[in-house]
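Read off the chains here:
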Amino acid sequence: MPRRPPHLDALLNDWPYEFGEVNARRAFGADGRSVLQMRVDLGVLQLEVSGRPDGARPEGFESLADWIRQRDAEADGSPWRLDADECAEVDREFVQYYHRRVAWLALREFLNATKDADHTLALMDLCAQHAPNDEWVELHERYRPFVLFHRTQAAALACLEEGEPRQAIDALDAGLEQIADAILGDSFDGALPAAADPYTVGEESADRFLADADFADKLRTLRQSIVAEYGLQPTLEDQLSEAIANEQYERAAQIRDRISEQRDR
């Protein structure tokens, strides 16, 4: 009779699951390498800290994203599409990087969280180019504002840890613009509405808009707290918002010109 594998009772009992919390920690593998562990309701996930979180090397590459880039290079401009099995593998990679990203955020390792968010965003872009159909693209794109929220939050908090509050504000402003663009697409005019107007974003997407706009609201709250805590002078974007709110449209136009000049430099 084959020997039964060892149980995990001691590990699970020593590290109880806490509902609603991301329970993550660093640990060491049998060979002494650093790993991440996450306590989930049904057990423990262990993730590698570099490369793919599961430690696999798909087709010999560090990640599927790298494999897709290589396949692009070999195709030399010729169009190609991911097949069903490859799409399933891409979905696995999305999930793995999500788990590691939230673990990094819980551990306040913000640069690592930013790096993993960038990987996910790049994989989304690659999938959009080689997806078998538009529906599969949309399944991933609907999460872009969420990934951008994590990426922006991590980048801003990393700047704060380095004692750079102004750079944190810049990271938040850039992220807010990216989230607005992801939500509104071609209808984005540089300003994110405060609420979902079905006539603006479409009746079917109004509920989703509200959920995505909540990410922007949280980033704005973080931005306001940084400005207040560090006594920062208002940026041109802040001055523009204030001018519009006060219906000072001539002043708003002047500030827009100054913002455009800065971006063109």
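Residues numbered from 1 in each chain as written. Predicted model: local features only at pLDDT ≥ 70, side-chain atom pairs only at ≥ 80, totals over all residues. Heavy atoms only, no water.

J.: Just to check I follow, could you spell out the nonpolar core for this structure?
T.: Burial of nonpolar side chains together is a common tendency in soluble globular proteins. In this structure, Ile68, Leu82, Val90, Leu123, Trp136, Leu172 and Ile226 are the most contacted members of the largest nonpolar core, which totals 52 residues. Counting residues per element, this core draws most heavily on helix α6 (residues 144-161), which supplies ten residues. Residues contacting Ile68, with those up to four places away along its chain left out, are Trp80, Leu82, Val90, Leu123, Leu126 and His130. Grouped together as the second largest cluster of nonpolar side chains are five residues, Leu240, Ala243, Ala252 and Ile259 included. (Core = buried A, V, L, I, M, F, W, Y, C linked by side-chain atoms within 4.5 Å. Buried < 20%, exposed > 50% of the residue type's maximum accessible area, 1.4 Å probe, protein only. Helix = DSSP H or I, 4+ residues; strand = E, 2+ residues; numbered from the N terminus. Contact = heavy atoms within 4.5 Å.)

J.: Before we go on, may I ask you to explain the pattern of salt bridges in this structure?
T.: Pairing is possible between side chains that carry opposite charge, provided their charged atoms lie close to one another. Under the definition given, this model contains 16 salt bridges. Between Arg26 and Glu109 there is a salt bridge, with the nearest N and O atoms lying 2.8 Å from each other. Of the two residues, Arg26 is situated in strand β1 (residues 23-28) and Glu109 in the loop between α3 (84-106) and α4 (110-130); the sequence distance between them amounts to 83 residues. For Arg26, a relative accessible area of 40% corresponds to the partly exposed category. For Asp54, the salt bridge goes to Arg52, with nearest N and O atoms at 2.8 Å. You can call Arg52 buried: its relative accessible area is 3%. When salt bridges with common partners are traced through the structure, they connect Arg52, Asp54, Glu89, Arg92 and Glu93 into a single cluster. (Salt bridge = Lys/Arg side-chain N within 4 Å of Asp/Glu carboxyl O.)

J.: Please explain the sheet that holds strand β2 (residues 34-40) as it appears in this structure.
T.: Adjacent strands of a sheet pair through backbone hydrogen bonds, lying either parallel or antiparallel. In spatial order, the strands read β1-β2-β3; together these three strands make up an open sheet with antiparallel pairing. Each end of this open sheet is capped by a strand with a single partner; those strands are β1 and β3 (43-48). Sheet twist, expressed as the average angle between the axes of neighbouring strands with direction ignored, equals 30°. Where α3 meets the sheet, its contacts fall on β1, β2 and β3, and the angle it forms with β2 comes to roughly 95°. (Pairing = 2+ DSSP bridges. Axes fitted to C-alpha atoms, helices over the stretch in contact; angles between N-to-C directions.)

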